[in-house]
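One letter stands for each residue in the lines below.
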Amino acid sequence: MKTFVSKLWSIVFGCLICVVASAAHGEDVRSEFECRFAGEAPTIDGVADDAAWQRADVIDHFYLPWLQQDSRPARAATKARLLWDRQYLYFFAEMDDDDLDAGDDGPFMSWRGDVFELFFKPAEDKPGYYNFQLWAGGTVKDEFLPKRFDGGFKKSVDDGTFHIDAKVVTRGTLNVRTDTDEGWTVEGRIPWSDLNRTGGRPVVDEQWRFALCRYDRSSRRDSPELSTCAPLASQEKPNFHHYEEFALLKFIGPQRRDIADVDGDATSDRLTLLKQNWNRVPSKVAGSPEPPLPFVATRTMPKLSLTFPVVAVNEPGSRRLYLLDQKWSSGPTRLIRTTDNPVSGEVETLYDFPHDGLAYSICFHPQYSDNGYVYLGWNAAKEAGGEKYCMITRLTVDRDSDTVDPESAVEIISWLSDGHNGVAMAFGLDGMMYVTSGDGTSDSDTNLTGQGLDHLLAKVLRIDVEHPDDGRMYSVPSDNPFVGQDGVRPETWAYGLRNPWRMTVDPKTGDLWVGNNGQDLYEQAYLVQRGDNYGWSVYEGSHVFYANRELGPTPHVKPTLEHPHSESRSLTGGVVYYGERFPELAGAYIYGDYSTGKIWGAKVSGGSVMWHKELADTTLQIAAFAIDSDGELLIVDHKASDGGLYTFERNPAPAGAAENFPKKLSDSGLFASVAGHEVHPGVIPYSVNSPLWSDGSIKSRYVYLPPTMTVDGDERPTQIDFQTGSSWDFPDGTVTVKSFALEQREGDPASRRWVETRFLVRQQGEWFGYSYAWNDEQTDAFLVDKEGRDAVFQVSDAGGTATEQPWRFPSRTECMVCHSRAAKFVLGLSSLQLNRVHDYDGVAANQLEVFEWLGVLKLNGAAGDAAEGQRTAPAASSLLAESADKLDRLPDPYDETADLTSRVRSYLHSNCAQCHVEAGGGNAQMKLDFASSLERANIIDVVPLHDKFGIADAKLVAPGSPEQSVLLHRMTIRGRGQMPQLATAKVDQRAVALLARWITELPPSTSSASDN
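Predicted model, so just to flag it, every value in this text is computed and none were measured.

Q: I'd like to hear about empty space enclosed by the protein, residue by residue, with values.
A: A full pass over the atoms with the stated rule returns five cavities of 30 Å³ or more. Size it by volume and the largest cavity reaches roughly 70 Å³. Taken together, Y907, N911, C912, M971, R974, M979, P980, V987, D988 and V992 make up the lining of the largest cavity. Split by residue class, the lining of the largest cavity holds seven nonpolar, one polar and two charged. Put simply, the second largest cavity is a space of about 60 Å³. The wall of the second largest cavity is formed by R905, L908, K927, L928, D929, S932, L934, A937 and I939. Of all the elements in the fold, those that place two or more residues in the lining of the second largest cavity are helix 9 (900–911) and helix 10 (934–937). In terms of residue class, the lining of the second largest cavity is made up of five nonpolar, one polar and three charged.

So, in structure tokens, the structure goes:
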């Protein structure tokens, strides 16, 4: 758009305004203005009769600072306003004018007409400024100046990226000099993406410098007038490119539109009280009611740069570490080695696994110092496109060059396996190599390998690599328990394992420990004994899994250690500790959990567990344990963002801290009055679009936000990391509150009694759940012991028939089964759930907009792209990128006006997806979150991996056939196989009817590729 004409205008205009000015501006020249949030976007029609403009700050003192003697107001009045919202900066100007001049097409067109002009200089840390010009005839010119204009031709940027939408309305006739006109108005908007060169949209309360000016040409005056609202100071050559002298423009955030113009007692409504008090709640919910655990995990060797570390092993006779590091989670693996000073962070790559192999374990030969043998357990196809094998491969470290020759790779043993692979190795004190294998399937032992003995799967193998047989790299020790038996692989030492993950040998006693991932409900660790049968898949640990499957030839042996999924979701086997730092742990088998981050220790004597304790509760995704060269513990964290190595430190928490944790709701500081269930006015109430089924109970939900949070050591006002597709991230100190009530007489709200209130508390980056049971008097609720407890309440149905309703007050660990790391802990506090209108005690408002209005959301404020090298870093914003009505939301599952498939998926999202997501603990290969496609849900026409419950031709969802659909069947039962597994004793009959209708209406031709 820029031409020679406009550049010439720049020179002429600059000369005109660079007249020596007096310092006298008059006391009424304002230096600060507000750009208020529009709320409802104005219509760009040049009229400005929208309600938003009535709330705008009026800018009406336009004066002439250019005069030699005294500045004075302009002869023709100008009244301007500015507004903003998530997408646009709006402007409006109403100008008196007795002679409307649109300019002409000649070389001086730009300065001959009537012009309204806007200058914007964004925040001081954003270089460059903008100039927008609008003529009475409708012409628009715009430019970005990367540097200040100091005379001569301006080096501006106008590359077609401006998209101003403007409308001019005239009150008179253009370019007629003989009549008398009244004036003109201009209304317009500038998209924030046009301003990306300086960071785009400002954040709430950000200040820019700006100047509005008007060029008014009239045949009735000898010379045109150039007026401005800017408080330009006295300068030798004042002009609009001295942006330091502009007025300040402060961007005011969203306000309460519903009560903005209401007087009287509106200031005491629930939302106003919330605004005044959300950061004044005297919460006392901090710490833990239990004594602190003895240890915490702290980072060690922070300079060690890893992507997804899998395992670390100390090189014998050295301080160096050998590690397996994946390119991405479950991605190609490399074998790397540190220097003799591992804290330096320097590593070298020793070996890249062929065929994008996934490697899991490292083991050194007992005579490594002599032979240089290092063994690797991994899984890959042996040739492109082939079947996958588990392999134990030996590499040789050349003792002279201290390097690994890839050509030295030798396969020791292998077996077909694609899932639940095992391939952990350890040398026993007897010199034999022990190797683990999984059942080779992805779930539920579908190939029935767990109890089979004629293959190498689901076992601990024992082989002799020192005395290999002809034609292979090992022999079978003659004292293996099944040597000589028909139909049994003689390598078998023990069997019946599902997915062994990590194995270790006690260096003093020779005890062999194996960690094992369970399936539905339990995780195990075994002190492995010769010939043992650990029962999979007839048993899951010590519990029956498939009673109709045949047990192997030897009796079932129960686990040495076992954890329900309320404590552990993916057990990682550990090591036996004999270090000097923690003598009380000497001889303890230390192991942990990948999903929960918990770490335990156990001591065994004579095959019996003598001591078993939880040692630490961490935020780590524990992939392995190791012992360093000093005999001290190392913990391998698999997280991508900050994965690395950790170690134990004693917990610095004071022993008496548990005494301060509130034992009653009335001690929490979150309630104004517990009797009556009246929360503090600063605690934020909320509701959800698709509630979790909780046996028909009525729920009230709230969240407490701490007033400040610590970021990189600095104290800042609290903000929530807003996400559109998942639960939000909250700062430490946040407490979610959910109270449950039961109707003693079904359908009678007056009979409701509070039963339980649950807190979910975020501390030190982790969430912890606590439950409070209400007393019969309904005056308070009391903290339930960490083990939880069961209760029964007397209720009556709509017909008056009395029944008993079981109720489970969850244990601390049961709370975290659903509120898991995979589900991002908080389930209902998400955009999908909160995007709805909530009744704030008589004031209805969208919840996302309320959080926005409170100023506690943290989002990216920039939009669109800018020219290369011209954009500053986008600022974090507290404003939604779009209005709430444009964001996704979960439909109410029982809203008959909504799409049926969307309603079903909404129900599955809120009731099932917290487990049925990646690493969520739901072992069926379903993915039931609302954001995933129906194809990825993997439920339509899919054969169940688990129990088919005697249903012929069973499918998870059989289109047109509810009676063949296992997903629906499991919703209709309570007891073994029920879904959800926890926290419900009653069938959700409305949900059953909803899913049955959906399945019935699915056409039989529907496949898993269908989507909605």
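So much for the structure itself; the text now carries on.
Q: Which residues make up the packing of aromatic side chains, and what values do they have?
A: How two aromatic rings sit relative to each other is set out by the distance from centre to centre and by the angle between their planes. For the structure shown, the criterion picks out 43 aromatic pairs. Taken together, a centroid distance of 5.1 Å and an interplanar angle of 80 degrees make the contact between Y351 and F353 edge-to-face. Grouping residues by exposure puts Y351 and F353 together as buried. The cationic tip of R789 hangs over the ring face of F809; the distance from NZ or CZ to the ring centre is 4.7 Å.

Q: Now, about the sheet that holds strand 22 (residues 388–396): what can you tell me, with residues and values included?
A: Sheet strands line up and pair through hydrogen bonds in the backbone, either parallel or antiparallel. Ordered by their spatial adjacency, four strands build an open sheet running 20-21-22-23, and the pairing between neighbours is antiparallel. Either end of the sheet is taken by a strand with one partner, and the two such strands are strand 20 (358–364) and strand 23 (410–416). On average, each strand axis in the sheet is inclined to that of its neighbour by 20 degrees, with strand direction left out of account. Taken together, the nine bridges between strand 21 (residues 373–381) and strand 22 define a ladder with antiparallel strand orientation. Across the sheet, the residue bridging to Y375 is R394, located in strand 22.

Q: If you had to explain the pattern of salt bridges to someone new, which residues and values would you point to?
A: Summed over all chains, the structure comprises 45 salt bridges. Note that E896 and R997 form a salt bridge whose closest N and O atoms lie 3.1 Å from each other. Taken together, the residues span a long stretch of sequence, with E896 in the loop between strand 57 (876–877) and helix 9 and R997 in helix 12 (residues 989–1001) at a distance of 101 residues. Note on R997: relative accessible area 36%, which makes it partly exposed. Close ionic contact of E1001 with R997 constitutes a salt bridge, the shortest N to O distance being 3.3 Å.

Parameters at a glance
- Residues numbered from 1 in each chain as written.
- Predicted model: local features only at pLDDT ≥ 70, side-chain atom pairs only at ≥ 80, totals over all residues.
- Heavy atoms only, no water.
- 1 Å grid on protein atoms, 1.4 Å probe; cavity = no way out; pocket = protein on both sides within 12 Å on 5 of 7 lines; lining within 4 Å.
- Points joined across faces, edges and corners; volume = space filled by probe spheres on them.
- Nonpolar A, V, L, I, M, F, W, Y, C, P; charged D, E, K, R; others polar.
- Helix = DSSP H or I, 4+ residues; strand = E, 2+ residues; numbered from the N terminus.
- Phe/Tyr/Trp six-rings, centres within 6.5 Å; stacked < 30°, edge-to-face > 60°.
- Buried < 20%, exposed > 50% of the residue type's maximum accessible area, 1.4 Å probe, protein only.
- Lys NZ or Arg CZ within 6 Å of the ring centre and 35° of its normal.
- Pairing = 2+ DSSP bridges.
- Axes fitted to C-alpha atoms, helices over the stretch in contact; angles between N-to-C directions.
- Salt bridge = Lys/Arg side-chain N within 4 Å of Asp/Glu carboxyl O.

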